[in-house]
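Structural overview for review
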Amino acid sequence: GQQLNQSPQSMFIQEGEDVSMNCTSSSIFNTWLWYKQDPGEGPVLLIALYKAGELTSNGRLTAQFGITRKDSFLNISASIPSDVGIYFCAGLPYFTASKLTFGTGTRLQVTL
Amino acid sequence: DTEVTQTPKHLVMGMTNKKSLKCEQHMGHRAMYWYKQKAKKPPELMFVYSYEKLSINESVPSRFSPECPNSSLLNLHLHALQPEDSALYLCASSQEPSYSNQPQHFGDGTRLSIL
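Notes on the structure in this doc start here.

Parameters at a glance
- Residues numbered from 1 in each chain as written.
- Chains lettered and ligands numbered in written order.
- Predicted model: local features only at pLDDT ≥ 70, side-chain atom pairs only at ≥ 80, totals over all residues.
- Heavy atoms only, no water.
- Pairing = 2+ DSSP bridges.
- Helix = DSSP H or I, 4+ residues; strand = E, 2+ residues; numbered from the N terminus.
- Axes fitted to C-alpha atoms, helices over the stretch in contact; angles between N-to-C directions.
- Salt bridge = Lys/Arg side-chain N within 4 Å of Asp/Glu carboxyl O.
- Buried < 20%, exposed > 50% of the residue type's maximum accessible area, 1.4 Å probe, protein only.
- Contact = heavy atoms within 4.5 Å.
- Polar contact = N/O pair within 3.5 Å; in protein donor to acceptor, adjacent residues only side chain to side chain.
- Buried area = accessible area lost by both parts, 1.4 Å probe.
- Nonpolar A, V, L, I, M, F, W, Y, C, P; charged D, E, K, R; others polar.
- Phe/Tyr/Trp six-rings, centres within 6.5 Å; stacked < 30°, edge-to-face > 60°.

1. A look at the sheet that holds strand β3 (residues 19–24) of chain A
Residue and element names in this part refer to chain A.
- The five strands lie next to each other as β1-β3-β8-β7-β6, forming an open sheet whose pairing is antiparallel. The open sheet terminates on both sides in strands that have one partner only, identified here as β1 (5–7) and β6 (55–58). If you compare each strand with its neighbour and ignore which way they point, the axes differ by 15° on average.
- Pairing of strand β7 (residues 61–65) with strand β8 (residues 71–76), which is carried by five bridges, proceeds in the antiparallel orientation.

Printed below as a string of structure tokens:
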């Protein structure tokens, strides 16, 4: 099935650094979601975005719904070791309710 | 703690066995989903249930048989699986299937290994 282009594929950063990742699509989405998945666990919803241009924060996380509706960004400020994991963007289209399209994932590793 | 509960957490079965995966949610959600996830890949949609009726089957082989006994429960019956079916099977739920903006909430999955 379709996957969203997510970058970077992986990141190796030091504790305290800020992190940015993004997701792009050739299709328009009604909703953008960001999930984090730890080893052996299911994806956990971090942030949901519902309007073009919307900027939403959840603690040290900030995400934006792109104006074109074809992209989204996630920023993590002052990273800590527990931020390690795989981050997935996901989009919900207008006309195919329930069919969530996932990004390819960004693997984040944080060193002390 | 996740509000979508999946059992068992791990399952090892032979290719001739019959087993079932179970999923339960008590959030009042009316849409439930099964996904398959291979290592280092995003989840892939298998089935969608909307108001306890199967609404989407993503061309999944018949050796996987979903069942939704009520609005809180979702089962996935397995029979005659192949080694390539080894994966993490995730269940998810969302509030209102008729609108396309409800986020899905995932369980922790069942790690399935086929011998």
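That covers the picture; the talk isn't over yet.
2. Some details on the pattern of salt bridges
- Tallied over the full model, the rule gives five salt bridges over all chains.
- Here Asp83 of chain A makes a salt bridge to Arg60 of chain A, at a shortest N to O gap of 2.8 Å. Highlighted residues: Asp83 of chain A in the loop between β8 and β9 (85–92) and Arg60 of chain A in the loop between β6 and β7, separated in sequence by 23 residues.
- Since its relative accessible area comes to 6%, Asp83 of chain A is described here as buried.
- Its salt-bridge partner being Glu58 of chain B, residue Lys99 of chain A comes within 2.9 Å of it at the nearest N-O pair.

3. Digging into the environment of Gln37 of chain A
- Take Gln37 of chain A: it is sitting in strand β4 (residues 31–37).
- Gln37 of chain A gets classed as buried once you look at its relative accessible area, which sits at 6%.
- For the pair formed by Gln37 of chain A and Ile86 of chain A, sequence separation is 49 residues and the distance between their alpha carbons is 5.2 Å.
- If we skip the residues at most four places from it in the chain, Gln37 of chain A touches Gly42, Pro43, Gly85, Ile86 and Phe88 of chain A together with Gln37, Leu88 and Leu90 of chain B.
- At 2.8 Å, the side chain of Gln37 of chain A and the side chain of Gln37 of chain B are in polar contact.

4. Let's talk about the pairing of strand β2 (residues 10–13) of chain B
Residues and elements named next belong to chain B.
- What you see with β2 is a clean split: Leu11 and Met13 sit on the buried side and His10 and Val12 on the side with no burial.
- Direction of pairing for β2 relative to strand β11 (residues 110–114): parallel, over a ladder of four bridges. Paired with His10 across the bridge in β11 is Arg111.

5. A word on the interface of chain B and chain A
- Taken residue by residue, the interface counts 25 residues in chain B and 24 residues in chain A.
- When the two sides are added together, the surface that chain B and chain A hide from each other amounts to roughly 1900 Å², 57% of it contributed by carbon and sulfur.
- Summed over the shared surface of chain B and chain A, the number is one salt bridge.
- Where chain B packs against chain A, one counts five residue pairs in polar contact (both at pLDDT 80 or more).
- Within the residue set of the side of chain B that touches chain A, elements represented by two or more residues are β4 (31–37), β5 (44–50), β9 (87–94) and β10 (105–106) of chain B.
- The biggest single contributor to the side of chain B that touches chain A is β4 of chain B, with three residues.
- Across the side of chain B that touches chain A, the residue classes break down as 13 nonpolar, seven polar and five charged.

6. Points about the packing of aromatic side chains
- By the definition in use, this model includes nine aromatic pairs over all chains.
- Ring plane angle 90° and centroid distance 6.0 Å describe the contact between Phe102 of chain A and Tyr35 of chain B, whose orientation is recorded as edge-to-face. Placement of Phe102 of chain A in strand β10 (residues 101–102) and of Tyr35 of chain B in strand β4 is noted, with the two residues assigned to different chains. Taken individually, Phe102 of chain A and Tyr35 of chain B each receive the classification buried, so the pair is uniform in this respect.
- With centroids separated by 6.3 Å and ring planes inclined at 35°, the aromatic side chains of Tyr33 of chain B and Tyr35 of chain B adopt a geometry described as tilted. Note on accessibility: Tyr33 of chain B and Tyr35 of chain B belong to one class, buried.

7. Observations regarding the sheet that holds strand β8 (residues 73–79) of chain B
Residue and element names in this part refer to chain B.
- In spatial order, the strands read β1-β3-β8-β7; together these four strands make up an open sheet with antiparallel pairing. This sheet does not close on itself; its edge strands, each paired only once, are β1 (4–7) and β7 (64–70). Recorded for the sheet is a direction-independent mean angle of 20° between the axes of neighbouring strands.
- Here seven bridges tie strand β3 (residues 18–25) to β8, and the two strands are oriented antiparallel to one another. Residue pairing across strands places Lys18 opposite His79, the latter belonging to β8.

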